Amino acid sequence: MPGLRGGAVIAGFVERTPERHFTGTPRFGLEQWSDLAADALADAGIAPQEVDGLCCGGDTGESPMFIPSTIAEYCGWSLNFAERLDLGGASSVGMVWRAAAAIELGACEVVVCAATQQPRPSPPRPLAVGPRVTFGASSNAWGSPQAEFDIPYGNLGQNCGYAMYAQRYHDEFGWDQRSRAKIVADQRVSACANPDAVWFGHPVTVDDVLASPMIADPLHMLEIVMPCSGGAALVVTSAERAARLPHRPVAVVGFGEHLTHKTPTYAPSLTQTPVGPAAHRAFAMAGVVPGDVDMVELYDCYSITVMLSLEDSGFCGKGEGMEFVRHHDLSYRGDFPCNTHGGQLGFGQPGLAGGMSHVVEAVRQVQGRAGDRQLARHDLAYVSGTGGIMSEQAALVLRGL
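Residues numbered from 1 in each chain as written. Predicted model: local features only at pLDDT ≥ 70, side-chain atom pairs only at ≥ 80, totals over all residues. Heavy atoms only, no water.

(A) Quick peek at the nonpolar core. In terms of nonpolar packing, the biggest core is built from 79 residues, with Trp-33, Trp-77, Tyr-382 and Val-397 touching the most fellow members. Ranked by residue count, the leading element in this core is helix H1 (residues 29-44), at seven residues. Composition of this core by domain shows at least three residues from each of domain 1 (29-121) and domain 2 (159-400). The next biggest cluster of nonpolar side chains, apart from the first, holds 43 residues, and it includes Ala-99, Cys-108, Ala-232 and Leu-234. (Core = buried A, V, L, I, M, F, W, Y, C linked by side-chain atoms within 4.5 Å. Buried < 20%, exposed > 50% of the residue type's maximum accessible area, 1.4 Å probe, protein only. Helix = DSSP H or I, 4+ residues; strand = E, 2+ residues; numbered from the N terminus. Domains from an automatic or database assignment.)

Here it is as structure tokens:
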């Protein structure tokens, strides 16, 4: 099928250690972005003046619009390609494939993709709390269907929506909640092998997960991500250039993206998610099947997200996820390595950089730089991203050269 040819690769990365309680000095978003870019470029062995493209998500905090040009101006770059994504947790996966496509098309040579999530200095006149804090992923803006049909009835934010997916899934396929809890426990094993993870040194059992407070039935506290500070950046460049650089090039050989709805109220299905078509396209483009990959790095804002992504990405049949999880070890030392950095459920969720952590971990593993949790087979990786409430999903297939 038409698509990427593997001519664009990820050459380097940087990732800030996530913190539940930030211990550093607050800095402006532009400072965070430029420092991430400088460190990622240094890791890749590429000079800053060679950058001619960038991908970002959200805003820097210092400007609500014209974000790419604001970043370029601050970093002193002259760009031929710029993209600002608004795909929530799928933004980082979306950044990577867009950068790869632009490079293969000849639009640019070196693209920095970054996501910041550390505290910024408080303004002299603090701003009022915005609707994003109050209503989460739900919009209370005038004319929004959510403002009229969801928020007045208490259906808002992320917890309720993901709980609806979990309720429907179990109603249809059986109420084995221990399988959801096992996803968390297996990923925590990997987090305990990752000194940078928020939950490093804190293993949990299936019973621990099910004994944690119920937040939105049937989801327990330990099945939901821990927000934290952090940040990450990647450098995407041509395979030809990367051959001269210090690390193993990681080629972007397949991608897919699919969007169907914003809120579960309008979702065509609560058991079939958009990552299905995205994964199918990504695998077909790469010329591989799900069973070929050495690892999966699945967006895991909630345990049910992993369960549905395993099924819809093609690693097992619909409704077979619970049995699949029961019979496989999902930790870095198991037979089906899933979220080898601990996932966001073990590593933490530093905003958009939470989604970037899955891409970074895939690159880290493929390049052989994962330390104690390094996989023996690490040539082919599958990565997913999820935005909203199973709303905007994307997939990548990455191959080491």
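Having seen it, we continue.
(B) Main features of the domain arrangement of the protein chain. When the domains of the protein chain are assigned, the result is domain 1 (29-121) and domain 2 (159-400). With centres defined by C-alpha atoms, the gap from domain 1 to domain 2 works out at 24 Å. Of the roughly 2,900 Å² buried between domain 1 and domain 2, counting both surfaces, carbon and sulfur atoms make up 65%. Summed over the three residues of domain 1 that lose the most area to domain 2, namely Val-93, Trp-97 and Gln-117, the buried surface amounts to 21% of that side. Seen at the junction of domain 1 and domain 2, the total is four salt bridges. A salt bridge links Glu-257 to Arg-98; the shortest N-O distance between them is 2.9 Å. Counting the contacts that link domain 1 with domain 2 gives 14 residue pairs in polar contact (both at pLDDT 80 or more). Going through the elements one at a time, H1, helix H3 (91-104) and strand E4 (110-117) are the ones with two or more residues in the side of domain 1 that touches domain 2. By residue number, the principal contributor to the side of domain 1 that touches domain 2 is H3, which donates 11 residues. (Buried area = accessible area lost by both parts, 1.4 Å probe. Salt bridge = Lys/Arg side-chain N within 4 Å of Asp/Glu carboxyl O. Polar contact = N/O pair within 3.5 Å; in protein donor to acceptor, adjacent residues only side chain to side chain.)

(C) Helix H10 (residues 275-286), seen in detail. Here H10 contains 12 residues, and its C-alpha end-to-end distance of 16 Å stays within 8% of the 16 Å for a straight helix at 1.5 Å per residue. Along H10, the residues classified as buried are Val-275, Gly-276, Ala-278, Ala-279, Ala-282, Phe-283, Met-285 and Ala-286. For H10, the elements touching its buried residues are strand E8 (250-259), helix H11 (303-312), strand E10 (380-387) and strand E11 (392-400). Of the residues one or two after H10, Gly-287 is the one with positive phi, at around 75 degrees. (Expected span 1.5 Å × (residues − 1). Contact = heavy atoms within 4.5 Å.)

(D) Just the packing of aromatic side chains, in detail. In this structure the tally under the stated criterion is nine aromatic pairs. Note on Tyr-162 and Tyr-302: the rings are 4.3 Å apart at their centroids and 15 degrees apart in plane angle, and the pair reads as stacked. In this pair, Tyr-162 is assigned in helix H6 (residues 157-173) and Tyr-302 in the loop between strand E9 (295-297) and H11, connecting sequence segments 140 residues apart. In this pair, the class of Tyr-162 matches that of Tyr-302, namely buried. Ring pairs connect the aromatic residues Phe-283, Phe-315, Phe-324, Phe-336 and Tyr-382, which therefore count as one cluster. (Phe/Tyr/Trp six-rings, centres within 6.5 Å; stacked < 30°, edge-to-face > 60°.)

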